[in-house]
Amino acid sequence: MAATPIAVITGASSGIGAATARQLAAAGYRVVLTARRKDRIEALEAELTEAGHQATAYALDVTDRAAVDEFATAFRSLAVLVNNAGGALGADPVATGDPADWRQMYETNVIGTLNVTQALLPALTESGDGTIVILSSTAGHSTYEGGGGYVAAKHGEHVLAETLRLEIVGTPVRVIEVAPGMVKTEEFATTRFRGDTEKAAKVYAGVDAPLSADDVADTITWAVTRPSHVNIDLLVVRPRAQASNSKVHRTL
């Protein structure tokens, strides 16, 4: 009997990461849930196990390279890596943006993705059929006012994915970039605005059906489960109400 394929999901404590873990588990993967919040991923592990799936929680900060390298020693072979950990801080213009916010976004979105990808690439290659998913954003493809720091970080992730694909072509590892537009999750905008729920709610005000975490997870799972010879280089997914980062239809 063939071993159950393993999928590692970073940032699995909530939102898109948690939804992706649920959908990949349902698709037959043993999911390894990583995030800094141990209680959240342990609760998800229990939920998935109770549902009859295979899941393991592992507390991990993707910006801590020593911890990432230690984590990677657990895997000789790995089928899927979903680089989901990331996020946005603030919406200040470039002229007044906080360099600390820019640095933190770059460390989490870009260096975190680099750390985990480098550490697990040997195991993904060893599997003979590995897949790396990098969850970027439409912010990685066009800019918008007040988004400079996040846009810069997501452009960095996009370039990482594009360059890696060029460099490892010919190996048995695919590189998939999924770039969501407006996604309404329980934490993204609230974290961006440092707990200001009123300001966070205005992001989605009047928008008819923004994407959900499940919508994006469904997209990721579809891309991952294509036949091995099929690579979804880049998949941009937006709600129907959003035409671009700066053009959103609102019924206000």
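Each value, and the rule that gives it
- Residues numbered from 1 in each chain as written.
- Predicted model: local features only at pLDDT ≥ 70, side-chain atom pairs only at ≥ 80, totals over all residues.
- Heavy atoms only, no water.
- Helix = DSSP H or I, 4+ residues; strand = E, 2+ residues; numbered from the N terminus.
- Rg over C-alpha atoms; globule rule 2.2 N^0.38 Å.
- Buried < 20%, exposed > 50% of the residue type's maximum accessible area, 1.4 Å probe, protein only.
- Areas by Shrake-Rupley, 256 points an atom, 1.4 Å probe, with all protein chains shown as cover.
- Lys, Arg positive; Asp, Glu negative; His and termini not counted.
- Charge placed at Lys NZ, Arg CZ, Asp CG, Glu CD.
- Pairing = 2+ DSSP bridges.

**Let's talk about the overall build of the chain**
Alright, step 1. Across its full length, the chain carries eight helices and nine strands.
Alright, step 2. Whereas a compact globule of 252 residues would reach a radius of gyration of roughly 18 Å, the chain reaches 18 Å, a difference of no more than 12%.
Alright, step 3. Expressed along its principal axes, the backbone C-alpha trace of the chain runs to roughly 55 × 40 × 35 Å.
Alright, step 4. Per-residue burial for the chain yields a buried fraction of 48% across its 252 residues.
Alright, step 5. In the structure as shown, the chain presents an accessible area of about 12000 Å², 52% of it carried by carbon and sulfur atoms.
Alright, step 6. When the 22 basic and 29 acidic side-chain charges of the chain are each reduced to a single mean position, those positions are 4 Å apart.

**Here's the deal with the environment of Met-105**
Alright, step 1. For Met-105, the position within the fold is in helix H4 (residues 99-126).
Alright, step 2. Separated by 17 residues in sequence, Met-105 and Ala-88 place their C-alpha atoms 6.3 Å apart.

**A closer look at the pairing of strand S2 (residues 30-35)**
In the case of a regular strand, side chains alternate between the two sheet surfaces.
Alright, step 1. The buried fraction of S2 is high, at five of six residues.
Alright, step 2. Where strand S1 (residues 6-9) meets S2, four bridges bridge the pair, whose relative direction is parallel. Paired with Ile-9 across the strands is Leu-33, a residue of S2.
Alright, step 3. The pairing of S2 with strand S3 (residues 55-59) spans five bridges and is parallel. Note on S3: the bridge partner recorded for Val-31 is Ala-55.

**Regarding unusual backbone geometry**
Alright, step 1. Phi is positive for Arg-194, close to 55 degrees, though the residue is something other than glycine.
Alright, step 2. Looking at the element boundaries, Arg-194 is found in the loop between helix H6 (188-192) and helix H7 (197-204).
Alright, step 3. A positive phi angle, near 60 degrees, is found at Ala-209, a position not held by glycine.
Alright, step 4. Within the secondary structure, Ala-209 sits in the loop between H7 and helix H8 (213-224).

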